[in-house]
Amino acid sequence: MSEQPLNPSTAAAPDDDAADTAPAGPTPTGPTPTGPTPTGPTPTGPTPTGSTAADVTADEAAALRAASFERARRLRMEPRFPGGPAADPAGSHHERRIRSFQPRRSRVTTGQQDALERLWPKWGLDIDGQRVLDLAELFDGLPVVLEIGFGMGEATAQMAADDPGTGILAVDVHTPGQGNLLGLADKAGSTNVRVANGDAVILLREMLAPESLDGLRVYFPDPWPKARHHKRRLIQPEFLDLVAPVLRPGAVVHCATDWEPYAEQMLEVLTAHPRFENTAADGGYAPRPAFRPLTRFEGQGLDKGHVVHDLLFARV
């Protein structure tokens, strides 16, 4: 569950579709400073042929900027913990496209770091797009539900503890949340959680066998409220085209959101898709199932009068 603020209109979404412009300021006015002209020896040395001092300075500045960008790029590519989740598991061997998520490097606590170092080799995996997962082996034969976006993992850990007979393949790109979920599952004694790091689209398209999943959960995904960012929303017809083949017949896609326009889009897109059928008798939203925990963020939103919608559609 990607635990976004329940009022995303107050949170700034990345505005990468428009260039920023700096407003022009007033021209300073006032007396021109006076004083003695500085004196001293004139710097000497060869000036590159065909170049001026201003050209050399501009070239040096460009070189410094390029070096800074390269250092930042290398930092993004480096794993934060030896043996832990990779910074960019799919690397450059997959196409560039619009992403529905925004990777971010937040502070990792000591407890989260300890969980990542101890448990990632056992319960973690990188979405590299280079293999097909054997879910029966990975989960000791349990039926498996895929959860895309789990935030800090509290709800996922609770669902795993409440239903030890179901495996949960939980996908996210947020390192602190990955460590937190691993720690919570370990503390509860749950062995039915695996944490996947990377792009869920690559996982669905490249790494899951046909009809290998018994369900899909997408709880409170980023609503991308600005109209020009709606293309980044996860629940789209193309996404459902990827989901349908890897679900067993009868498997349920369960979505939840507190963002009313996104709930309407989810309902429209799922209803229109020929491979999914609404489990709600009236063809609308479903009551919150007892197995989906009420999260802290959801409770805060309900206290403010927000309406949370659940959608449950079966794969036909």
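**Details of the overall build of the protein chain**
Thinking step 1. A count of helical and extended segments in the protein chain gives nine helices and eight strands.
Thinking step 2. Scored against the burial criterion, the 316 residues of the protein chain give a buried share of 43%.
Thinking step 3. Taking all contacts inside the protein chain whose residues are at least 6 apart in sequence as the whole, residues at least 24 apart take part in 82%.
Thinking step 4. Surface summary for the protein chain: the accessible area is close to 17300 Å², and the carbon and sulfur share equals 55%.

**With respect to the packing of helix α4 (residues 154–162) against helix α5 (residues 175–188)**
Packed helix pairs are specified by the crossing angle of their axes together with the interaxial distance, meaning the distance between the axes.
Thinking step 1. The contact between α4 and α5 brings their axes to 9 Å, and the two run at 30°. With respect to each other, α4 and α5 are oriented roughly parallel. Relative to α5, the crossing made by α4 is right-handed. Residues Glu-154, Thr-156 and Ala-157 of α4 form the contact with α5, whose own contacting residues are Asn-180, Leu-181, Leu-184 and Ala-185.
Thinking step 2. For the contact of α4 with α5, the residue count by class is four nonpolar, two polar and one charged.

**Regarding the nonpolar core**
Thinking step 1. With 41 residues, the main nonpolar core has Leu-146, Leu-169, Leu-203, Ile-235 and Phe-239 as its most contacted residues.
Thinking step 2. Listing elements by their share of this core, those giving two or more residues are β2 (144–148), β3 (167–172), α6 (200–206), β5 (213–219), α7 (237–246), β6 (247–257), α8 (260–272) and β8 (309–315).
Thinking step 3. The contact partners of Leu-169, leaving out residues within four places of it in the chain, are Leu-125, Leu-133, Leu-135, Phe-139, Val-144, Val-145, Leu-146, Glu-147, Arg-194, Ala-196 and Leu-203.
Thinking step 4. Core analysis: the next-biggest nonpolar cluster, separate from the first, contains 20 residues, Leu-119, Ile-168, Leu-181 and Tyr-219 among them.

**Section: unusual backbone geometry**
Thinking step 1. Even without being a glycine, Asp-140 presents a positive backbone phi close to 55°.
Thinking step 2. For Trp-224, which is not a glycine, the phi torsion comes out positive at approximately 40°.
Thinking step 3. Using a relative accessible area of 1% as the deciding quantity, one classes Trp-224 as buried.

**Notes on helix α9 (residues 296–303)**
Thinking step 1. Among the residues of α9, Glu-298, Gly-299 and Gly-301 are the ones counted as buried. Along the long axis of α9, the arc covered by the buried residues comes to 160°, so they all point the same way. Pointing more than 90 degrees away from the buried face of α9 are the exposed residues Arg-296 and Asp-303.
Thinking step 2. For α9, the capping residue at the N-terminal end is Thr-295, with a side-chain oxygen 3.0 Å from the backbone nitrogen of Glu-298.
Thinking step 3. Where α9 ends, the next residue or the one after it, Gly-305, has phi of about 90°, a positive value.

**Considerations on the packing of helix α2 (residues 110–123) against α5**
Thinking step 1. Packing of α2 against α5 leaves a shortest axis separation of 8 Å and a crossing angle of 75°. By the angle between their axes, α2 is roughly perpendicular relative to α5. The segment α2 lies against α5, with Gln-112, Ala-115, Leu-116, Arg-118, Leu-119, Trp-120 and Trp-123 engaging Thr-175, Pro-176, Gln-178, Gly-179, Asn-180, Leu-182, Gly-183, Ala-185 and Asp-186.
Thinking step 2. The residue makeup of the contact of α2 with α5, split by class, is eight nonpolar, six polar and two charged.

**A short note on α2**
Thinking step 1. Here α2 contains 14 residues, and its C-alpha end-to-end distance of 19 Å stays within 8% of the 20 Å for a straight helix at 1.5 Å per residue.
Thinking step 2. Residue Glu-117 marks the point of greatest curvature in α2, where the axis turns by about 35°; the proline Pro-121 follows within four residues.
Thinking step 3. The set of residues buried in α2 consists of Gln-112, Ala-115, Leu-116, Leu-119, Trp-120 and Trp-123.

**Observations concerning the sheet that holds β2**
Thinking step 1. The sheet built from eight strands is open, its strands ordered β1-β4-β3-β2-β5-β6-β8-β7 with mixed pairing. Each end of this open sheet is capped by a strand with a single partner; those strands are β1 (124–126) and β7 (276–278). Mean inter-strand twist for the sheet, computed between neighbouring axes without regard to direction, equals 25°.
Thinking step 2. Each of β2, β5, β6, β7 and β8 touches α7; the most contacted strand, β6, lies at about 140° to it.
Thinking step 3. Packed onto the sheet, α8 meets β6, β7 and β8 and runs at close to 15° relative to β8.

So, how was this worked out
- Residues numbered from 1 in each chain as written.
- Predicted model: local features only at pLDDT ≥ 70, side-chain atom pairs only at ≥ 80, totals over all residues.
- Heavy atoms only, no water.
- Helix = DSSP H or I, 4+ residues; strand = E, 2+ residues; numbered from the N terminus.
- Buried < 20%, exposed > 50% of the residue type's maximum accessible area, 1.4 Å probe, protein only.
- Contact = heavy atoms within 4.5 Å.
- Areas by Shrake-Rupley, 256 points an atom, 1.4 Å probe, with all protein chains shown as cover.
- Axes fitted to C-alpha atoms, helices over the stretch in contact; angles between N-to-C directions.
- Parallel < 35°, antiparallel > 145°, perpendicular 65-115°, else oblique.
- Left-handed = near helix turned anticlockwise from the far one by under 90°.
- Nonpolar A, V, L, I, M, F, W, Y, C, P; charged D, E, K, R; others polar.
- Core = buried A, V, L, I, M, F, W, Y, C linked by side-chain atoms within 4.5 Å.
- Arc of directions from axis to C-beta.
- Polar contact = N/O pair within 3.5 Å; in protein donor to acceptor, adjacent residues only side chain to side chain.
- Expected span 1.5 Å × (residues − 1).
- Bend = angle between axes of the 7 residues up to and from the residue.
- Pairing = 2+ DSSP bridges.

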